[in-house]
Amino acid sequence: MSAWCVRALLLASFLAVGCVDGPSQPDVLETDLVERYNLQPLPAMVHPADNLPNSRRIELGRLLFFDPILSATEDVACGTCHIPELGMADGRELPIGPSGIGLGPDRVMTDPDMLEEGRASMTVINAGFNQFLRQRTADGFLFWDGRKRRLENLVTLPIRERTEMRGDVVPIEESLAAAVGRVRAIPEYEMLFRAAFPERAGAVTAIDSVTMAKALAQFVRSVVSDDSPYDRFVAGDANALTRQEKRGLVLFREKAACSACHSGPMFSDFDFHVVGAKQLGPGFQETPHEDFGRWIVTELESDRWAFRTPTLRNIAETAPYMHSGGYADLRDVLEFLNRGGGDHPAIPRSRIEVRPVGLTPAEMDDLIAFLYALSDDPGIETPATVPSGLPTPRFNPGK
């Protein structure tokens, strides 16, 4: 979960009337909150012209997503860090890739020379709706630092990363070609690729890095959550939210000013902000025990320590929070933001885009209740078997 921007905390002054029930004030909960805040449903998905969805391509992508054959070590699938039962995240502060045993919070590393990944696993639910700032496009920002745009450019990147799916088996420059070779060696995959990409019928093989990326990207775009209690409320069901959840919505939009950054149907402005979350883990890209966020992409000083505003949809399922996974639950996050952020000792206070807003414990309860109302199960199931015959990541809590 990301931040409340300082530039919009002026919105807090508008809470003077009606956020908490009281006989001397008009009851804002009896107004039309959908109209009051111009709440909008999720828009139509934007697909690249050269990768329009079809059921065969999506199902092929699902098999690849949960097949460890994509990893050089053949023990990590995309679904290892994006688990359906955990909101398509992994429930850990920082993910464990090669040499890991188990799934979710119970996953442990067996290779002492391997590192955890540098950042918390982001959910892939609704990732196809990500925008490029205010532009609704297939080229939306991805990753915590926005270093990739368009899902086709993201989905094969973990194959090349040592701590995600490569390990120490192949050099980075050979890793993607090696993954393509492993998939090509499986006759069932060749058949499935030809069915999903009939334009490759005359080719020696239908499997290459482009078709593999297109299939994976279309599966990820199919992972949609749009029937939460909040969605039903926006669609016209006034009883879809409880009275407490409605109080939380008013707080979200007014006193707490969460919507300054977590705006629109995706609850994100798709921009980058400095909130000063604590830093855990090994760091990121040659910055030991440190992560400079968007600066790694732009090298602009104004982007140092800035991270992309993530969606709040399904936020109740994707703890722990922030880029380093340093906040165990939603109350931890709200307390951090309520005191004005700034838990990172190296970040000057002048850079922090959060200011204290004075939420009471009861108001935090209401806000958390509203955040829980943003969850909806997208109905993704891990395949029992995949064409490689390798075991798929099956989540069994406590085992």
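This is a predicted model, so every value here is computed, not measured. Note that residues are indexed from 1 along each chain, following the sequence as it is written. Local features in this predicted model are restricted to residues whose pLDDT is 70 or higher, and side-chain atom pairs enter the listing and the counts only when it is 80 or higher, whereas totals over whole chains, interfaces and linings include all residues. For side-chain calculations, the full set of non-hydrogen atoms in the structure is used, while hydrogens and water are omitted.

Here's the deal with the environment of Leu241
Basically, it comes down to this: Strands are runs of DSSP state E lasting at least 2 residues, helices are runs of H or I lasting at least 4, and numbering of each runs from the N terminus. Throughout, a contact is declared for two residues whenever any of their heavy atoms are within 4.5 Å.
Take Leu241: it is sitting in the loop between α10 (229–234) and α11 (243–253). Once the C-alpha coordinates of Leu241 and Gln285 are considered, the two residues, 44 residues apart in sequence, prove to be 43 Å apart. Not counting residues up to four positions away in its chain, the partners in contact with Leu241 are Pro229, Tyr230, Phe233, Lys246, Leu249 and Ala373.

Notes on the pattern of salt bridges
As a reminder, the rule being used: Throughout this description, the term salt bridge denotes a Lys or Arg side-chain nitrogen within 4 Å of a carboxyl oxygen of Asp or Glu. Only protein chains enter the accessibility calculation, which uses a 1.4 Å probe; a residue whose area is less than 20% of its type maximum is buried, one above 50% is exposed, and one in between is partly exposed.
Under the definition given, this model contains 22 salt bridges. As a salt-bridge pair, Arg150 and Asp139 come within 2.7 Å of each other at their nearest N and O atoms. One end of the pair, Arg150, is in the loop between β4 (148–149) and α4 (151–154); the other, Asp139, is in the loop between β2 (108–109) and β3 (141–142), with 11 residues separating them in the sequence. Looking at Asp139, the relative accessible area reads 23%, which means it is partly exposed. For the salt bridge of Arg313 with Asp231, the shortest nitrogen-to-oxygen distance reads 2.8 Å. Of this pair, Arg313 sits in the loop between β6 (307–308) and α13 (330–338) while Asp231 sits in helix α10, and the two are 82 residues apart along the sequence. Residues Arg313 and Asp231 agree in their burial class; the two are buried. One network of salt bridges, with partners in common, ties together Arg119, Asp145, Arg147 and Asp291.

Some thoughts on the environment of Ala235
Mapped onto the fold, Ala235 is located in the loop between α10 and α11. Accessibility expressed as a relative area gives 69% for Ala235, which makes it exposed. Residues Ala235 and Glu173, 62 residues apart in the sequence, show an inter-C-alpha distance of 49 Å.

Some thoughts on the confidence of the model for the protein chain
Do not read the predicted coordinates in detail wherever pLDDT is low. How we decide: Within a predicted model, pLDDT stands for the predictor's per-residue confidence, ranging from 0 to 100.
Here the protein chain shows a mean pLDDT of 91. Residues at 70 or above account for 93%. This model gives residues 2–25 a pLDDT under 50, and the stretch forms 70 contacts once residues within four places in sequence are excluded.

Some remarks on the packing of aromatic side chains
The way to describe two aromatic rings as a pair is by their centre distance and the angle between their planes. For the record, the criterion: Ring pairs shown here join Phe, Tyr and Trp side chains whose ring centres sit within 6.5 Å, with only the six-membered ring taken for Trp; geometry is labelled stacked below 30 degrees between planes, edge-to-face above 60, and tilted in between. Only lysine NZ and arginine CZ atoms are considered, and such an atom sits over a ring when it is within 6 Å of the ring centre and within 35 degrees of the ring normal.
Inspection of every chain in the model, using the stated rule, returns 15 aromatic pairs. Ring geometry for Phe66 and Phe219: centres 6.3 Å apart, planes at 70 degrees, overall edge-to-face. Placement of Phe66 in the loop between α2 (55–65) and α3 (78–81) and of Phe219 in helix α9 (residues 209–222) is noted, with a sequence separation of 153 residues between them. You can call Phe219 buried: its relative accessible area is 1%. Pairing Phe252 with Phe370 gives two aromatic rings, centres 5.4 Å apart and planes at 55 degrees, and the pair type is tilted. Pair noted here: Phe252 is in helix α11 and Phe370 is in helix α14 (residues 361–372), with a separation of 118 residues, a long-range link. Given a relative accessible area of 0%, Phe370 falls into the buried group. Residue placement shows Arg119 over the ring face of Phe284; its charged tip is 3.6 Å from the ring centre.

Section: the side chain of Ser228
One can find Ser228 in the loop between α9 and α10. Its relative accessible area of 0% is what places Ser228 among the buried residues. In this view, Ser228 contacts Arg313, Ala373, Leu374, Ser375 and Asp376; residues no more than four positions away in its chain are not counted.

A few points about α2
The test is simple: We define a polar contact as two N or O atoms separated by no more than 3.5 Å, with the added condition that, inside protein, one atom must be a possible hydrogen donor and the other a possible acceptor, whereas residues neighbouring each other in sequence contribute only through side-chain atom pairs.
Burial in α2 covers these residues: Arg57, Leu60, Gly61, Leu63, Leu64 and Phe65. The secondary structure elements touched by the buried residues of α2 are α3, α7 (172–184), α8 (187–196) and α9. Its side-chain oxygen 3.1 Å from the backbone nitrogen of Arg56, Asn54 forms the N-cap of α2.

Remarks on the packing of α2 against α9
To keep it simple, the criterion reads: Note on definitions: angles span 0 to 180 degrees between N-to-C directions of axes, and those axes are lines fitted to C-alpha atoms, for helices only across the stretch in contact. Comment on the angle field: the value is read as roughly parallel under 35 degrees, roughly antiparallel over 145, roughly perpendicular from 65 to 115, and oblique elsewhere.
Interhelical geometry of α2 versus α9 gives an angle of 95 degrees and a closest axis separation of 7 Å. Here α2 lies roughly perpendicular to α9, going by the angle between them. Mapping the contact onto sequence places Arg57, Ile58, Leu60, Gly61, Arg62, Leu64 and Phe65 in α2 and Met212, Lys214, Ala215, Leu216, Gln218, Phe219, Val220 and Ser222 in α9.

Let's talk about the environment of His82
Tracing the backbone shows His82 in the loop between α3 and β1 (100–101). For His82, a relative accessible area of 17% translates into the label buried. Remark: the alpha-carbon pair of His82 and Met122, spanning 40 residues in sequence, is separated by 8.0 Å. Leave out the neighbours within four places in its chain, and His82 touches Phe65, Phe66, Met88, Ala89, Ser121, Met122 and Val124. Reaching out from His82, the side chain makes a polar contact with the backbone oxygen of Met88 at a distance of 2.9 Å.

Some words on unusual backbone geometry
Leaving glycine aside, a negative phi is the common case for residues, and trans is the common case for peptide bonds. Following Ala319, the chain continues to Pro320 via a peptide bond in cis, the omega torsion being -5 degrees. Following the sequence through the fold, Pro320 ends up in the loop between β6 and α13. For Glu74, which is not glycine, the phi torsion reads 55 degrees and is therefore positive. Tracing the chain through its elements places Glu74 in the loop between α2 and α3. You can call Glu74 partly exposed: its relative accessible area is 34%. A positive phi angle, near 55 degrees, is found at Ala257, a position not held by glycine. Residue position: Ala257 is located in the loop between α11 and β5 (272–273).

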